[in-house]
Amino acid sequence: MRGKERKVIDDARDQPLDKRVRFSVRLLESASTYKDIVVRKKDGFTQILLSTRSTYNNTLNREVMNEVKSALEKAAVDDSKFVLLSAVGSVFCCGLDFDNIVKHLKYNRKRATVKLVDTIKNFVNSFIEFKKPIIVSVNGPAIGLGASILPLCDVVWANEKAWFQTPYTRFGQSPDGCSTITFPKIMGRAAANEMLINGWKMNAQEACDKGLVSQVFWSETFTQEVMVRIQEITSCNSFVLENSKALVRYNMNVELKQANERECEVLKKIWASAQGMEYMLKYVQNKIDSF
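Residues numbered from 1 in each chain as written. Predicted model: local features only at pLDDT ≥ 70, side-chain atom pairs only at ≥ 80, totals over all residues. Heavy atoms only, no water.

A few points about the environment of K81
As for its placement among the helices and strands, K81 is situated in the loop between α3 (62–77) and β3 (82–87). Along the chain, K81 and T46 lie 35 residues apart, while their C-alpha atoms are 7.9 Å from each other. Aside from chain neighbours lying at most four places away, what touches K81 is G44, F45, K132, P133, T234, S235, C236, S238 and L241. At 2.7 Å, the side chain of K81 and the backbone oxygen of C236 are in polar contact. (Helix = DSSP H or I, 4+ residues; strand = E, 2+ residues; numbered from the N terminus. Contact = heavy atoms within 4.5 Å. Polar contact = N/O pair within 3.5 Å; in protein donor to acceptor, adjacent residues only side chain to side chain.)

Put into structure tokens, the structure is as follows:
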């Protein structure tokens, strides 16, 4: 009996260092807390939920984006097989927090613009660089950057009541999240222009038909449908999952990073200009809360 016990102990010590480090990181992350997101370590995967306290309707300010980026970085090195990205409440993500942006740009606009845009660039790059699959559960409206990051993920499931819109021109903003190349590739140039320039409000079924969403589920059974499929993916081998994603995304990362860089440079020009600032102020002052 002692011999068998000693064998078990020795086997544990003989585990690869990388595996032991991943397990330790996972335990540490399970104990950590965030202000604007919730991170749950499940059996086989990490769930990241947008649950913003510092913003309204899960909008994205610097703090929220940095927390999501941090959670992805930690999930990349632990033993989870994939990430499930979802949100608390009836809204998935309303994109950038323009109230917060205008507040920061009022003082030292050039410096604030660089900080804000660099945060967006790093946030988007964290999705591009993440090697494990990212599954997204869209429970409600996804607007602006909340919609444009979806093609950077691998599987997108939507509640039938969800809708998608990127009305950048109404915000006084240019497209972000690599949408200038992902949207045309996914849905064709005409539909992409309707989204990016004309602000087409796309319902869940239309988004599925255009390829932005993988599947649409009834709202009454949405959570159950998602978890059934999550359990199926959890049963897959992590090595196979990661390498399958690598094959699908082969040669795409360079193109995505270049698009992210271009989009962010344009954002800097717009936000640093007096005209861009004036337009954003007008939008913030006149916007009507539709939720």
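Now that the structure has been shown, we can carry on.
Overview of the pattern of salt bridges
Following the criterion strictly, the structure yields eleven salt bridges and no others. Linking D118 and K268 is a salt bridge whose minimum nitrogen-to-oxygen distance equals 3.7 Å. Highlighted residues: D118 in helix α5 (residues 109–129) and K268 in helix α13 (residues 252–272), separated in sequence by 150 residues. Residue classification places D118 among the partly exposed positions, given a relative accessible area of 26%. E261 is the salt-bridge partner of K121, the closest N and O atoms lying 3.4 Å from each other. Remark: E261 occurs in helix α13 and K121 occurs in helix α5; sequence separation between them is 140 residues. One network of salt bridges, with partners in common, ties together K41, D78 and K132. (Salt bridge = Lys/Arg side-chain N within 4 Å of Asp/Glu carboxyl O. Buried < 20%, exposed > 50% of the residue type's maximum accessible area, 1.4 Å probe, protein only.)

A short note on the pairing of β3
β3 sits mainly inside the fold: six of its six residues count as buried. Residues of β3 alternate between two faces, with F82, L84 and S86 on one and V83, L85 and A87 on the opposite face, all of them buried. For the handedness criterion, the β-α-β arrangement of strand β2 (residues 45–50), α3 and β3 is classed as right-handed. Bridge analysis of β3 against strand β4 (residues 134–138) gives three bridges, and the strand direction is parallel. Looking at β4, one finds that V83 is bridged to I134. (Right-handed = clockwise from strand over helix to strand, strands pointing away. Pairing = 2+ DSSP bridges.)

Here's the deal with the packing of aromatic side chains
Taken as a whole and judged by the stated rule, the model has five aromatic pairs. Residues F98 and F171 carry aromatic rings whose centres are separated by 4.8 Å and whose planes lie at 50° to one another, so their mutual orientation is tilted. Residue F98 is found in helix α4 (residues 98–105), and its partner F171 is found in helix α7 (residues 168–171); the two are separated by 73 residues along the sequence. For the residue pair F98 and F171, the accessibility class agrees, reading buried in each case. With a centroid separation of 6.4 Å and 55° between ring planes, the pair formed by W157 and F217 is classed as tilted. Within this pair, whereas W157 is found in strand β6 (residues 155–159), its partner F217 is found in strand β9 (residues 215–217), the two being separated by 60 residues in sequence. With relative accessibility at 4%, the residue W157 sits in the buried group. Judged by relative accessible area, which is 6%, F217 ranks as buried. (Phe/Tyr/Trp six-rings, centres within 6.5 Å; stacked < 30°, edge-to-face > 60°.)

What to know about the nonpolar core
Judged by nonpolar contacts, the single largest core of 71 residues is most densely connected at F127, V138, F164 and W271. Looking at this core, the element that brings in the most residues is α5, giving eight residues. Beyond its immediate chain neighbours, meaning those up to four positions away, F127 contacts V68, L72, L85, I134, I149, L152 and C153. With eleven residues, the next largest nonpolar core counts F82, L84, F222 and I230 among its residues. (Core = buried A, V, L, I, M, F, W, Y, C linked by side-chain atoms within 4.5 Å.)

Regarding the sheet that holds β9
As summarised here, the arrangement of the six strands in space is β1-β2-β3-β4-β6-β9, forming an open sheet in which the pairing is mixed. At either margin of the open sheet sits one strand with a lone partner, and together these are β1 (37–41) and β9. Pairwise comparison of adjacent strand axes, ignoring direction, gives a mean angle of 20° for this sheet. Direction of pairing for β1 relative to β2: antiparallel, over a ladder of five bridges. Residue pairing across strands places I37 opposite L50, the latter belonging to β2. Along the sheet, helix α11 (residues 222–234) contacts β2, β3, β4, β6 and β9; its crossing angle with β6, the most-contacted strand, is approximately 160°. (Axes fitted to C-alpha atoms, helices over the stretch in contact; angles between N-to-C directions.)

Examining the packing of α4 against α5
With their axes 8 Å apart at the nearest point, α4 and α5 run at an angle of 140° to one another. When the axis of α4 is compared with that of α5, the two are oblique. Only R109, A112, T113 and L116 of α5 make contact with α4, whose side of the interface consists of I101, H104 and L105. Looking at the contact of α4 with α5, its residues break down into four nonpolar, two polar and one charged. (Parallel < 35°, antiparallel > 145°, perpendicular 65-115°, else oblique. Nonpolar A, V, L, I, M, F, W, Y, C, P; charged D, E, K, R; others polar.)

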